[in-house]
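Spelled out from the first residue to the last, the chains are:
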Amino acid sequence: MGRGRTTTGTVIACLVKLRIDYGRPLRFPSAHTTTSEMDSGFSSGEETSNESCDAAIGSPEAKMGPQDLSPSFGIDDIPLVRKITRLFDNGVECREALDAVIDCCAALQNIRQAVLRYRRVFNQQQIEPRERRVALNRGAEYLERYFMLIAFAAYLGSDAFDGFCQPGSAGIPFKPWLHRRPEVQEMKWSIRLRPARFFTIPVDFRTSTDSHDGDTVMEAIVKARNGSVLGKRSILKMYFFPGQKKTSNYADIPGAPHVYKVDNLPVYSMATPTVDGAKAMLACLHVEPTSSGYPTGKAIVTDLREEVVVYICGKPFVLRELYQPVDTLKHVGIKGPVVEHMEARLKEDILSEAERSGGHVLLHREEVNPVTGQSDIIGYWENISCENVKTPVEVYATLKDEGYNIDYKRIPLTREREALATDVDAIQRQLDDREGAQYLFISHTGFGGVAYAMAITCLRLKAEAQLACEGSSLGTAYCTGIPSPESLLVIRPLHDEEAFKQGDYRDILSLTRVLAYGPMSKAEVDMVIDKCVGAGHLRDDILDHKKKLETCADEERRSYLLDMGIKALRRYFFLISFRSYLYSRVALHGTTFSGETGFAAWMQARPELGHLCDNLKLDK
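The text that follows walks through the structure, step by step, so that each part is easy to find. Since the model is a prediction, treat every value here as computed from it, not as a measurement.

Quick look at the overall build of the protein now. Regarding its fold elements, the protein presents 27 helices and eleven strands. Across the 620 residues that make up the protein, the buried fraction comes to 54%. Summarising the internal contacts of the protein: among those between residues at least 6 apart in sequence, 74% fall at separations of at least 24. For the protein, the computed accessible surface area is about 27100 Å², with 54% contributed by carbon and sulfur atoms.

Right under this line is the structure:
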């Protein structure tokens, strides 16, 4: 019909021409598109340019109430749009250029406004469910197009496209560039997986302050933010919150919540600490500077957080949305250097805001209201200087300069992330050539995905200990409880419930038959999972998602539960495969060091494992 895909193609062509004609940064050389139009997502031709769009779903204007005709909700009010905008260094200016191009190509269809119009129809409860479903599907399609156009504009505004503009140079095509950004692919997938959450009208969550006037001023400041990461409607919320799990099986350390230690192994986890809490935890590991100047131990600190974190006056703060302050803003699939670069940009935004505000910055914290018993978000001002604001990598670099014997690395790894063999390699390489070290994992809450990283580390340490069992008291301690091959001849329980508790899913049993030392590998993995129970239990996660899936009637919720369940099952699959890989390393090379053949290469050389992994089922 010449509206949707034709308009999208026209926008792409215009963006490419802008880049070729005007270079970087990507910009639109015209003043007739106003800032207010681009901010709100509405242009002067909105009501006339999309009549055919609305007619296709039953003329929704006739069914709308006054609230739905309000122009207050714009495209920038969809959190996913803000999320991808802040992801890129040049996200703000590239999106401004994109919106201007979209408005100029809106004779038949305005992609940005189509998202908003379908959203309105979807939120009309009196409309027939079939029409609402059609509106949701079409709106999600246009949101995905707009999302990918933002990514494409950021690509054009990066140095990846430079080679196409310079004779004799080779640029990087968009597809390979996009594949290097798995977090973008994960965000795109989230639109298809749960489209309704992007189209449901959000509940207005207002921040609480000491006075009404102060509330108005603070909200205006938040809405006026214009940083590349600390942008509009973004707040900096103190990490600590009411009801946070603070129990520990190792040591009660102020400022370091939920510390957990694996029995008989030097593997630890903790939730996000303060700077003082991190120092106290490292002191418990005996890696602090001593009077002689030489710490007695060494700690390998691995940060698994996908969420952007910054330290202000020694306390951790996370980036949140003004009206959704308790929802995490993880960038699922993001790589360590990318999230660290975002944190550096966030620090720049904070310092810039403080400079404009006379040395103070607006922060928020979560407190329990004694009257209602509910959590309130309290805004307050904090005086800061350049020395008071640090990224996590700067915090641990400072600790190392102070004499703490640590190595710090960011390896994002959460339950929402798709399990990859390369992630296993990233964790296990932290153990290469580091005999006698202690391993500390930091996650958002100290519970959940961190158990997977701990299990990888425990499997590697136990395999190393088995090599040194003879004549080594320490190795003997590690090897205690390792099952003998005779003890593995166990028949699958008749009742599925008991079998699933043991991890005896059909595809997992198929894996144990394909792998060398398959049953023994599974038994050792199950032992390690049980040892890491204080940080999360992988088999219980799988079974929990399976049970919820069986009783859930909502289609979108079922898709989410299935996705999370398969991801958990995939992590279980990789742990068993990894233990078999360690057996093969010992048999062939007499060592567990990854060397040139890492776990990812080992998996790739076994296509039968890849086929099993890509076709996991949660129902049997």
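Now for the side chain of Ser269. With respect to the secondary-structure elements, Ser269 resides in strand S3 (residues 267-271). The contacts of Ser269, once residues within four sequence positions are left out, are His258, Val259, Tyr260, Leu440, Phe441, Gly446, Val450, Met454 and Ala535.

So, on to the packing of helix H1 (residues 4-22) against helix H9 (residues 129-156). Axes are the key here: two packed helices are described by the angle between their axes and the distance separating the axes. For the pair H1 and H9, interaxial distance at closest approach is 10 Å and the crossing angle is 10°. With respect to H9, the element H1 is oriented roughly parallel. For H1 against H9, the interelement crossing comes out right-handed. Contacts between H1 and H9 pair Gly4, Arg5, Thr8, Val11, Ile12, Leu15, Val16 and Arg19 from the former with Tyr142, Arg145, Leu149, Phe152 and Leu156 from the latter.

The next point concerns the sheet that holds strand S2 (residues 260-261). Pairing in this open sheet of five strands is mixed, and the strands run S2-S3-S11-S4-S10 from one edge to the other. This sheet does not close on itself; its edge strands, each paired only once, are S2 and strand S10 (406-410). Here five bridges tie strand S4 (residues 299-303) to strand S11 (residues 438-443), and the two strands are oriented parallel to one another. Bridge pairing in S11 places Thr302 opposite Phe441.

A general trend in soluble globular proteins is that nonpolar side chains are found buried together. One finds Val11, Leu98, Leu236, Leu346 and Ile350 to be the most contacted residues of the largest nonpolar core, which totals 73 residues. Tallying contributions element by element places H9 first for this core, with 16 residues. If sequence neighbours within four positions are ignored, Leu346 has contacts with Val229, Leu230, Leu236, Val308, Val310 and Leu319. One finds Ile508, Leu538, Leu561 and Tyr572 within the second-largest nonpolar core, a separate group that totals 61 residues.

Using the criterion set out here, one finds 45 salt bridges in the structure. Note that Lys400 and Asp407 form a salt bridge whose closest N and O atoms lie 3.0 Å from each other. For Asp407, a relative accessible area of 17% translates into the label buried. Here Lys546 ties to Glu550 by a salt bridge, and the two come within 3.3 Å at their closest N and O atoms. Pair noted here: Lys546 and Glu550 are both in helix H24 (residues 538-551), with a separation of four residues, about one helical turn. Through salt bridges with shared partners, a single ionic network connects Asp76, Asp77, Arg95, Asp99, Asp103, Arg112 and Arg233.

As a further point, take the state of the cysteines. Inspection of every chain in the model, using the stated rule, returns zero disulfides. Cysteine Cys14 remains unbridged, with the sulfur of Cys105 as its closest cysteine sulfur at 3.8 Å. Left without a disulfide partner, Cys532 is nearest to the cysteine sulfur of Cys458, which lies 4.1 Å away. Of the residues examined, Cys532 reaches a relative accessible area of 1% and is grouped as buried.

Within this structure, the stated rule accounts for 20 aromatic pairs. Ring plane angle 15° and centroid distance 4.8 Å describe the contact between Phe500 and Tyr505, whose orientation is recorded as stacked. For the pair formed by Phe500 and Tyr505, the shared burial category is buried. On the basis of an interplanar angle of 90° and a centroid distance of 5.7 Å, the ring pair of Phe578 and Phe599 is categorised as edge-to-face. Of the two residues, Phe578 sits in helix H25 (residues 555-589) while Phe599 sits in helix H26 (residues 599-604), which places them 21 residues apart along the sequence. Taken together through their ring pairs, the aromatic side chains of Phe88, Phe152, Tyr155, Phe161, Phe164, Phe174 and Trp177 make up a single cluster. Note that Arg194 overlies the ring of Tyr560, its terminal NZ or CZ placed 4.3 Å from the centroid.

With that settled, consider the environment of Arg95. Along the chain, the position of Arg95 falls in helix H7 (residues 91-104). A relative accessible area of 9% places Arg95 in the buried class. In this structure the C-alpha to C-alpha distance between Arg95 and Phe152, which are 57 residues apart in sequence, comes to 9.9 Å. Every residue in contact with Arg95, bar those within four places of it in the chain, is listed here: Ile75, Asp76, Val81, Thr85, Tyr146 and Ile150. A distance of 2.8 Å separates a polar atom in the side chain of Arg95 from a polar atom in the side chain of Asp76.

Two elements in contact, helix H22 (residues 506-514) and helix H27 (residues 607-614), have axes separated by 10 Å at closest approach and are oriented at 175°. With respect to their mutual orientation, H22 and H27 come out roughly antiparallel. In this structure, H22 contributes Ser510, Leu511 and Val514 to the contact, and H27 contributes Glu608, Leu609 and Leu612. When its residues are assigned to classes, the contact of H22 with H27 shows four nonpolar, one polar and one charged.

With that settled, the discussion passes to the pairing of strand S5 (residues 309-312). Every second residue of S5 is oriented toward a common face, with Val309 and Tyr311 on one face and Val310 and Ile312 on the other, all of them buried. Count of turn residues in the S5/strand S6 (residues 315-321) antiparallel hairpin: two residues, of which Cys313 carries a positive phi of about 55°. Pairing analysis gives two bridges linking S5 to strand S9 (residues 389-390), with the strands arranged antiparallel. Bridge pairing in S9 places Ile312 opposite Val389.

So, how was this worked out
For every chain, the first residue of its written sequence is number 1, and the numbers climb from 1 along that sequence. Thresholds applied to this predicted model are a pLDDT of at least 70 for local features of residues and 80 or more for the giving and counting of side-chain atom pairs; totals over whole chains, interfaces and linings are not thresholded and use all residues. Heavy atoms from the whole structure form the basis of all side-chain values; hydrogens and water molecules are not counted. Helix numbering and strand numbering both begin at the N terminus, where a helix is a DSSP run of H or I of at least 4 residues and a strand a DSSP run of E of at least 2. Relative accessibility thresholds used throughout: buried, under 20% of the residue-type maximum; exposed, over 50%; partly exposed, between the two (1.4 Å probe, protein chains only). Two residues form a contact once any of their heavy atoms are found within 4.5 Å. Here the accessible surface of atoms and residues is derived via Shrake-Rupley with a 1.4 Å probe, and residues count as covered only by protein chains that are part of the display. Geometry is summarised by axes, namely lines fitted to C-alpha atoms with helices restricted to the contacting stretch, and by angles between N-to-C directions that run from 0 to 180 degrees. Our angle categories are set so that under 35 degrees counts as roughly parallel, over 145 as roughly antiparallel, 65 to 115 as roughly perpendicular, and the remainder as oblique. By convention, the crossing between two helices is left-handed when the near helix turns anticlockwise from the far helix through less than a right angle, and right-handed when the turn is clockwise. DSSP-based pairing: two strands are paired if at least 2 bridges between them are found. To form a nonpolar core, buried Ala, Val, Leu, Ile, Met, Phe, Trp, Tyr and Cys residues must be joined to one another through side-chain atoms within 4.5 Å. A pair is scored as a salt bridge if a Lys or Arg side-chain nitrogen falls within 4 Å of a carboxyl oxygen belonging to Asp or Glu. When the sulfur atoms of two cysteines come within 2.5 Å, that pair is taken as a disulfide. Under the pairing criterion, centres of Phe, Tyr and Trp rings, with the six-membered ring standing for Trp, must be within 6.5 Å; the plane angle then separates stacked pairs below 30 degrees from edge-to-face pairs above 60, leaving the rest tilted. Put simply, a charge is over a ring when the Lys NZ or the Arg CZ is close to the ring centre, within 6 Å, and near the line of the ring normal, within 35 degrees. N or O atoms within 3.5 Å of each other form a polar contact, as long as, within protein, one can give a hydrogen and the other can take it, and as long as residues adjacent in sequence are counted only when both atoms are side-chain atoms. Throughout this entry, Asp, Glu, Lys and Arg are counted as charged residues, while Ala, Val, Leu, Ile, Met, Phe, Trp, Tyr, Cys and Pro are counted as nonpolar. The remaining residues, Gly among them, count as polar.

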